[in-house]
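# Architecture at a glance
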Amino acid sequence: MTDPQQPHRRNPRPPAAGARPCPGTRHPAKPRQGFIRLGSPRPRLRMISLALTLVMLAFVVRLLQVQAVDAEAYAAKAGHGRLATHTLAAERGEITDRRGIALATTVDAYDIIADPFLLTPEQSGAKDAPQQAAALLAPILDKDAGQLEEKLSVPGSRYALLARRQSPQVWNQIKDLQRTFAGKAADGSEANVLAGIVQESHSKRVYPNKDLAAGILGFVNAEGRGGGGLEAQLDKKLSGRDGKITYAQSAGRQVPTSATREFPAVPGSDVELTIDRDIQWAAQEAISRQVQESAADRGYVIAQDTRTGEILAMANAPGFDPNDISAADSGSLGNPALQDAFEPGSTSKVMSMAAVLEEGKATPETHVTVPNRLHRADRLFADDVDHDTWYLTLNGVLAKSSNIGTILAVEQLGRTQRQADDVLHSYLRKFGIGKPTGLGFPGETPGILAHPRDWSSSQRFTVRFGQGLSLNAVQAASVYSTIANGGVRVAPTLVRGTRGAGGKLVPAPEPERTRVVGAKTAKTLATMLESVVDDEAGTGSKARIPGYRVAGKTGTSNRVDPDTGRYKGYTASFAGFAPADKPRIAVYCAVQNPTRGSYFGGQVCGPVFKEVMEFSLKTLQVPPTGRPPARLPVTFRPGE
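What you see is a predicted model, and the numbers here were worked out from it, not measured in a lab.

### Considerations on the packing of aromatic side chains
- Applying the stated criterion to the full structure yields 8 aromatic pairs.
- Ring centres 6.5 Å apart and planes at 55 degrees place the aromatic pair W281 and F615 in the tilted group. Of this pair, W281 sits in helix α10 (residues 277-293) while F615 sits in helix α20 (residues 606-619), and the two are 334 residues apart along the sequence.
- The exposure class assigned to W281 is partly exposed, which follows from its relative accessible area of 47%.
- The exposure class of F615 is partly exposed, given its relative accessible area of 30%.
- In this arrangement the basic side chain of K400 is found over the ring face of W390, its NZ or CZ atom lying 4.7 Å from the centre.
- One residue, K430, lies across the ring of Y427, its end atom 4.3 Å from the ring centre.

Take a look at the structure:
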């Protein structure tokens with residue numbers, strides 16, 4: 001038992017290893033040999049700190065690269081699957097006639113597409129889902145079921161275009177089928193064979209009048225761009241500018257709460273033409289009928305406002321339906337009235353007469369003795385019929401369309417043949433021959449008019465009556481419009497103006513005006529051209545219109561076969577204007593290679609001219625002038 005008076009003592013414990021002894025205590029005994037002492041941890045800590053610093057530095061560098069240096073690239077990669085961007089197609093502008101009647105317009109349409117992955121057995125639940133889907137869609141899309149099945153069965157494919165630009169009615173039929181067969185196959189089993197069929201909204205170009213003015217309008221190709229005619233020429237104005245929309249998507253669907261970024265589409269401008277739909281229809285009906293009755297290759301009719309140069313009708317036969325160019329004959333595509341170059345024949349004689357009158361070398365009463373044959377250069381020239389010597393006035397030379405009389409008249413233009421050639425060539429150029437019309441139409445031909453130094457020995461004489469030079473139908477109509485307009489050529493136009501989003505018409509630039517001959521010469525020519533139609537000796541009696549004074553000229557020329565490059569067949573033509581004493585409308589008709597019935601211009605094209613002119617005068621409500629025509633002499637008696 002411990003004495004409470006004595007202090008408590010504990011047995012001392014050995015000091016901890018490495019502990020320093022307290023002052024005043026005894027040192028413990030030295031450790032035995034072989035005892036292991038722990039090293040300092042500081043080097044290890046330094047190495048761990050350095051490694052962690054390097055790792056953090058790598059993370060920082062990588063973070064800077066991702067968020068600063070390559071931020072846009074990585075954002076694009078990140079958004080590739082998350083964001084969807086779709087084009088917002090701009091609405092194509094309308095093309096209308098001068099009264100605002102639609103000739104070409106745009107309606108809603110759909111591309112029918114499919115996701116073949118959703119028609120695999122695993123996804124659809126049917127082993128033959130592509131075959132069943134193709135059988136259901138083929139009659140609606142008017143496609144071959146085998147071809148559709150092939151598109152729907154491509155391994156690994158996520159996109160298949162089944163049909164382009166289908167109508168809303170077609171897509172509604174497909175939606176009805178999808179509702180009918182939702183969750184089951186055609187045989188009633190548990191499957192969905194139409195799950196992957198969707199649509200992409202587009203637009204479709206429609207021509208409500210079918211083939212009417214097709215040569216002018218052209219067509220739109222599969223990409224929605226102008227493929228010909230004014231659709232191609234004015235494509236930039238008509239097509240507008242596409243927009244786009246970007247949004248977040250999930251499983252192919254837009255996330256409702258996500259923000260969208262949209263650049264709206266800018267619709268194309270509407271284009272108003274100078275064409276009158278009704279006159280265009282009358283011209284197209286008349287020329288189509290005549291081409292068929294004559295078993296001809298083709299034909300064209302131009303109607304033009306003589307005061308403004310505006311084209312009221314430009315009809316071709318045969319034509320095509322721009323709603324379905326796949327069914328069109330390749331030879332009928334285009335606009336032959338502007339793209340065909342042909343020798344005009346006697347309708348060109350009015351330019352020779354204009355030069356003779358303007359230069360003061362003759363008057364309508366000047367006597368011209370016309371033999372049966374005329375020897376010039378290396379050949380004998382003749383008229384279209386054999387005859388005894390004709391005693392004609394200059395007016396009679398035009399009325400009876402004498403080649404020989406025209407050659408003799410033009411010789412008065414110079415003291416030498418070369419001088420006469422140069423003067424005639426200058427007038428032909430001023431009338432617009434050998435130059436573009438000014439329409440800028442795709443594929444338009446300027447015609448062919450060689451320099452007089454390049455004319456052959458016989459060509460220098462044939463040019464005088466319309467052979468050895470070429471033009472297009474619009475150029476020919478413009479010649480007669482120039483005479484009708486008092487000798488001032490107004491460049492032809494097809495476009496009156498454009499209408500933007502505000503609906504206000506922005507007029508097209510004013511056409512170029514060129515003085516070709518004086519007003520007196522033009523008036524004299526108009527009176528002479530009346531003799532062609534009104535006088536019994538004239539060749540254009542079939543172009544007469546009761547109540548109206550008509551000025552006109554027939555033409556029958558040898559035709560160059562485009563396949564062989566040699567003369568074969570004829571070009572029959574008629575050109576003129578009315579009312580002759582107060583002109584308003586000029587009409588030109590040409591029929592290429594008529595092979596049934598007559599091939600003379602007065603017989604083939606005279607009736608077409610009359611039909612189109614009569615309809616145009618009534619449509620535009622042009623009244624007769626009521627003035628009696630001037631009677632110019634056609635012949636003279638020898639010795640007078």
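Next, the rest of the story.
### Things to note about the side chain of R92
- Structurally, R92 can be placed in the loop between β1 (83-88) and β2 (95-96).
- R92 sits in the buried class, given a relative accessible area of 7%.

### Observations concerning the nonpolar core
- Counting 87 residues, the largest nonpolar core has L273, M314 and F577 as the members making the most contacts within it.
- The element contributing the most residues to this core is helix α17 (residues 473-484), with 8 residues.
- Of the residues that make up this core, three or more belong to each of domain 1 (87-268) and domain 2 (277-320 + 333-619).
- Beyond its immediate chain neighbours, meaning those up to four positions away, M314 contacts I216, I275, Q280, V301, I302, N335, A337, L338, L439, V474 and L494.

### Let's talk about a nonpolar patch on the surface
- A cluster of nonpolar residues, L50, L54, L57 and V61, forms a patch on the protein surface that exposes about 400 Å² of accessible area.
- Note on L50: relative accessible area 54%, which makes it exposed.

### Some details on the pairing of strand β23 (residues 567-578)
- Of the strand pairs in this sheet, strand β22 (residues 551-560) and β23 are connected by 9 bridges, and their pairing is antiparallel. When the bridges of β23 are listed, T556 appears paired with A572.
- The turn joining β22 and β23, which pair antiparallel and follow one another in sequence, is formed by 6 residues; a positive phi near 75 degrees is taken by G565.
- For β23 and strand β24 (residues 585-592), the ladder comprises 8 bridges, and the chain directions are antiparallel. If you follow A578 over to β24, its bridge partner there is I585.
- In textbook terms, the turn of a hairpin is the stretch between consecutive antiparallel strands, and for β23 and β24 this stretch comprises 6 residues.

### Quick notes on the pattern of salt bridges
- The tally for this structure, following the rule as stated, stands at 25 salt bridges.
- Close ionic contact of R376 with E411 constitutes a salt bridge, the shortest N to O distance being 2.7 Å. With R376 in strand β15 (residues 373-376) and E411 in the loop between α14 (403-410) and α15 (417-430), this residue pair connects regions lying 35 residues apart in the sequence.
- In this structure, E530 engages R549 in a salt bridge whose closest nitrogen and oxygen atoms are separated by 2.7 Å. In this pair, E530 is assigned in helix α18 (residues 519-534) and R549 in the loop between α18 and β22, connecting sequence segments 19 residues apart. This pair shows no difference in class: E530 is buried, exactly as R549 is.
- Among the charged side chains, a salt-bridge network with shared partners connects R92, R205, R225, E231 and D235.

### Description of the sheet that holds β22
- In space, the 5 strands of this open sheet follow the order β13-β12-β24-β23-β22, with antiparallel pairing throughout. Sheet topology places β13 (311-317) and β22 at the edges, where each strand pairs with a single neighbour. Recorded for the sheet is a direction-independent mean angle of 10 degrees between the axes of neighbouring strands.
- Strand contacts of α18: β22 and β23, with the helix running at about 75 degrees to β22, the strand carrying the most contacts.

### Description of the packing of helix α4 (residues 129-141) against helix α5 (residues 145-152)
- Two numbers describe how α4 lies on α5: the axes approach to 8 Å, and their chain directions differ by 135 degrees. Comparing the axis directions of α4 and α5 gives the class oblique. The two elements α4 and α5 cross, and the hand of that crossing is right-handed. When α4 is examined against α5, the residues P130, Q131, A133, A134, L137 and A138 are found in contact with a partner set consisting of A145, L148, E149 and L152.
- Tallied by class, the residues present in the contact of α4 with α5 amount to 8 nonpolar, 1 polar and 1 charged.

### Quick word on helix α12 (residues 349-358)
- Summarising burial for α12: 9 of the 10 residues are buried, a large majority.
- For α12, every residue scored as buried is listed here: K349, V350, M351, S352, M353, A354, A355, V356 and L357.
- Elements that come into contact with the buried residues of α12 comprise α13 (394-399), α14, α15, α17, α18 and β22.

### Comments concerning the packing of α12 against α18
- The interhelical angle for the contact between α12 and α18, taken along N-to-C directions, is 135 degrees, at an axis separation of 10 Å. Relative to α18, the element α12 is oriented oblique. In terms of crossing hand, the pair formed by α12 and α18 is right-handed. Judged by residue contacts, V350, M353, A354, L357 and E358 of α12 engage T521, T524, L525, M528 and L529 from α18.
- Considered class by class, the residues forming the contact of α12 with α18 number 7 nonpolar, 2 polar and 1 charged.

### Things to note about α18
- The end-to-end C-alpha distance of α18 is 22 Å, a good match for the 22 Å that 16 residues give at a rise of 1.5 Å each.
- Of all the positions in α18, only T521, A522, L525, A526, T527, M528, L529, E530, S531, V532 and V533 are classed as buried.
- Those residues of α18 that are buried lie in contact with α12, α13, α17, β22 and β23.

### Re the layout of surface pockets
- By volume, the second largest pocket amounts to about 850 Å³.
- For the second largest pocket, the lining is made up of 30 residues, of which R165, S203, N221, A222 and G224 are closest to its centre.
- Elements represented by at least two residues in the lining of the second largest pocket include exactly β3 (102-114), β4 (160-166) and β5 (197-206).
- Among the residues forming the lining of the second largest pocket, the class breakdown is 8 nonpolar, 10 polar and 12 charged.

Calculation criteria
Residues numbered from 1 in each chain as written. Predicted model: local features only at pLDDT ≥ 70, side-chain atom pairs only at ≥ 80, totals over all residues. Heavy atoms only, no water. Phe/Tyr/Trp six-rings, centres within 6.5 Å; stacked < 30°, edge-to-face > 60°. Helix = DSSP H or I, 4+ residues; strand = E, 2+ residues; numbered from the N terminus. Buried < 20%, exposed > 50% of the residue type's maximum accessible area, 1.4 Å probe, protein only. Lys NZ or Arg CZ within 6 Å of the ring centre and 35° of its normal. Core = buried A, V, L, I, M, F, W, Y, C linked by side-chain atoms within 4.5 Å. Domains from an automatic or database assignment. Contact = heavy atoms within 4.5 Å. Patch = residues over 30% accessible without salt bridge, like charges linked within 9 Å, V, L, I, M, F, W, Y side chains within 5 Å. Areas by Shrake-Rupley, 256 points an atom, 1.4 Å probe, with all protein chains shown as cover. Salt bridge = Lys/Arg side-chain N within 4 Å of Asp/Glu carboxyl O. Pairing = 2+ DSSP bridges. Axes fitted to C-alpha atoms, helices over the stretch in contact; angles between N-to-C directions. Parallel < 35°, antiparallel > 145°, perpendicular 65-115°, else oblique. Left-handed = near helix turned anticlockwise from the far one by under 90°. Nonpolar A, V, L, I, M, F, W, Y, C, P; charged D, E, K, R; others polar. Expected span 1.5 Å × (residues − 1). 1 Å grid on protein atoms, 1.4 Å probe; cavity = no way out; pocket = protein on both sides within 12 Å on 5 of 7 lines; lining within 4 Å. Points joined across faces, edges and corners; volume = space filled by probe spheres on them.

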